[in-house]
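# A closer look at the structure
Each chain is listed here by its residues.
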Amino acid sequence: MKQLIATFALICTAPLTALAQDISTGATLYQRHCATCHGVEADGKGPMRPALLLQPPSLLDLAARNDGTFPIIRVVSRIDGRDPLVSHGSPMPVYGWYFEGEDTAIKAETGQPILTSQPIVDLMAYLESIQE
């Protein structure tokens, strides 16, 4: 019983990060759902760029544009639709339903927990890994 309580206490006090962030899975998700607009190299130069009213930004410098800190809340919220978007001419459609999956708690850059799906955690881990 003491070991069970100790294990539970350890789990409860562990940092809120995804237990398994799979960058490879995130890269696959990126190529399938994001590269058309943001580019294979995530430089904002995807093949759909000329047809878009608002140009997709480079995703290589998200941390640099956020004082060196990767903006976890912003990225997760933009992908899953929590970040309000305008209905037409939006910089990005809501993709949350594409990335439904097991709920996963991660620690945001503010230290607060944020709940999202495992596929979004994987995609976010990939984007964080390609920051310049």
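Residues numbered from 1 in each chain as written. Predicted model: local features only at pLDDT ≥ 70, side-chain atom pairs only at ≥ 80, totals over all residues. Heavy atoms only, no water.

Below, the discussion takes up the overall build of the protein. For the protein, the count of helices and strands is five helices and two strands. The 132 residues of the protein split such that 36% are buried. With the model as given, the accessible surface of the protein reaches about 8200 Å², and the carbon-plus-sulfur share is 60%. (Helix = DSSP H or I, 4+ residues; strand = E, 2+ residues; numbered from the N terminus. Buried < 20%, exposed > 50% of the residue type's maximum accessible area, 1.4 Å probe, protein only. Areas by Shrake-Rupley, 256 points an atom, 1.4 Å probe, with all protein chains shown as cover.)

This part takes up the pairing of strand 2 (residues 113-117). Relative to strand 2, strand 1 (residues 103-107) runs antiparallel, the two being bridged by five bridges. When the bridges of strand 2 are listed, alanine 105 appears paired with leucine 115. (Pairing = 2+ DSSP bridges.)

Moving on to the packing of helix 4 (residues 72-80) against helix 5 (residues 118-129). The contact between helix 4 and helix 5 brings their axes to 10 Å, and the two run at 130°. In terms of their interaxial angle, helix 4 and helix 5 are classed as oblique. Our pair here, helix 4 against helix 5, has a crossing hand that is right-handed. The segment helix 4 lies against helix 5, with Ile72, Val75, Val76, Ile79 and Asp80 engaging Ile120, Leu123, Met124 and Leu127. For the contact of helix 4 with helix 5, the class distribution of residues is eight nonpolar, no polar and one charged. (Axes fitted to C-alpha atoms, helices over the stretch in contact; angles between N-to-C directions. Parallel < 35°, antiparallel > 145°, perpendicular 65-115°, else oblique. Left-handed = near helix turned anticlockwise from the far one by under 90°. Contact = heavy atoms within 4.5 Å. Nonpolar A, V, L, I, M, F, W, Y, C, P; charged D, E, K, R; others polar.)

Even without a glycine there, the phi angle at alanine 42 is positive, about 60°. As for its position among the elements, alanine 42 is in the loop between helix 3 (35-38) and helix 4.

Interpretation note: all reported values are geometric properties and have no functional meaning in isolation.
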